[in-house]
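Below are the chains, spelled out letter by letter.
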Amino acid sequence: MTDREVDVPPSKRVALDALSLLSNKWHPVVVVVLCQRGPLGFNALLEAIPDVSGKVLSAALEALQDAGLVERTVVSESPLRVEYDLTEAGSEMDAVFEALSTWGQRHLETATPTILLADADRRITAMYGEWLADRYTTVRAHNGEELEARLDGDVDVVVYDEGLPGVDSGELLGAVRDDCRTVALVGDRPGFDLLSLTFDDVRRKPIVRETALDAIDAQLRRRGESPERRERASLAARRSLLESVYSREHLEGVEAYAELRRRMKTLDDRLEA
């Protein structure tokens, strides 16, 4: 690639050169297969990539060897048997594919988000499910065992009653995937123990349809934000809830609330830097 072809910074030009190594249809396929299953012989590669011809595979392997991503090792001279495997540079491409997968899941996939609704009262989860049916796929849990089992699935947002029997909120939040968002529903007079929890949002019961949709939509929009912004939003949600319930005079006497405000100030300074 020459400077006349495209006016980009040097670092971006290197990135374009790297992507050009995988611009051929079969080059990235070979790299991914060898990353997952290598080293492999030629026939094993053909079997692993059914739609490629022997001629095209040979050309792809030669090009990837020339690029320094694949190496060919003679395992036996008589009969001749060779194996192909990734070089160190080729193995490092795995991180590139992981990053592309994350990007693709976020921006290319159009699957309907899945919302896990957890409450001991089946009538309530049924009502929530009706509210969300036109936008999301919903699954339900009514006790700790069911909730744990449902978390094994591909859940995007968990909406759960903080008082769900058999569930420790701290353990629950620790078991949720990092990319799954959490919305806790609490009683009318929540305790200050919620300051030690790390759910993404918290709402007071009872909620209405608009509240549920607003909370879930906000969490889905915020997927992919930095850990600092995620923590800051979580702290803000807890602070807002407590300030809507307790007087300022009461809150000023609670050390956990003072610590929450200090942590928010630290995050604000960091995000503004």
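The numbers attached to residues start from 1 for each chain and follow its sequence in the written order. In view of the model being predicted, local features appear only for residues whose pLDDT reaches at least 70, and side-chain atom pairs are presented and counted only at 80 or more, with totals across whole chains, interfaces and linings using the full set of residues. Side-chain measures here rest on the full set of heavy atoms in the structure, leaving out hydrogens and waters.

A.B. asks: How would you sum up helix α13 (residues 255-272)? Please name residues and give values.
C.D. replies: Counting from the N terminus, the helices are the DSSP runs of H or I reaching at least four residues and the strands are the DSSP runs of E reaching at least two. To estimate the expected span of a helix, subtract one from its residue number and multiply by 1.5 Å. The end-to-end C-alpha distance of α13, which contains 18 residues, comes to 26 Å, matching closely the 26 Å that a straight helix rising 1.5 Å per residue would cover. Residues of α13 that are buried in the fold lie against α11 (227-245) and α12 (248-252). It only takes one pair of heavy atoms within 4.5 Å for two residues to be counted as in contact.

A.B. asks: How would you explain the pattern of salt bridges if you had to name every residue and give the values?
C.D. replies: A pairing counts as a salt bridge when a side-chain nitrogen of Lys or Arg comes within 4 Å of a carboxyl oxygen of Asp or Glu. Tallied over the full model, the rule gives 22 salt bridges. Between Asp214 and Arg203 there is a salt bridge, and its shortest N-O distance comes to 3.2 Å. Taken together, the residues span a long stretch of sequence, with Asp214 in helix α10 (residues 209-221) and Arg203 in strand β7 (residues 201-204) at a distance of 11 residues.

A.B. asks: Can you break down the UniProt feature "modified residue: 4-aspartylphosphate" (unreviewed entry) in the chain residue by residue, with the values?
C.D. replies: In this structure's numbering, the residues bearing the UniProt feature "modified residue: 4-aspartylphosphate" (unreviewed entry) are Asp161. Turning to its location among the elements, Asp161 is positioned in strand β5 (residues 157-161). Discounting chain neighbours no more than four positions away, the residues touching Asp161 are Ala118, Asp119, Leu185 and Lys205. UniProt positions are given in the numbering used here, feature names are shortened, and annotations may be inferred rather than shown by experiment.

A.B. asks: Could you give an account of the sheet that holds β7, with specific residues and numbers?
C.D. replies: For two strands to count as paired, DSSP must find a minimum of two bridges between them. Taken in spatial order, the 5 strands of this open sheet run β4-β3-β5-β6-β7, and their pairing is parallel. Each end of this open sheet is capped by a strand with a single partner; those strands are β4 (137-141) and β7. Shown here is a sheet whose adjacent strand axes are inclined to one another by a mean of 20°, direction ignored. Examined bridge by bridge, strand β3 (residues 114-118) and β5 share 4 bridges and lie parallel to one another. Following the sheet pairing, Ala118 is matched in β5 by Tyr160. Axis definition: a line fitted to C-alpha atoms, limited for helices to the stretch in contact. Angles are taken between N-to-C directions and run from 0 to 180 degrees. Against the sheet, helix α7 (residues 122-132) touches β3, β4 and β6 (181-186), its axis set at about 160° to β3. In the packing of α11 onto the sheet, contacts are made with β6 and β7, and the angle to β7 comes to roughly 20°.

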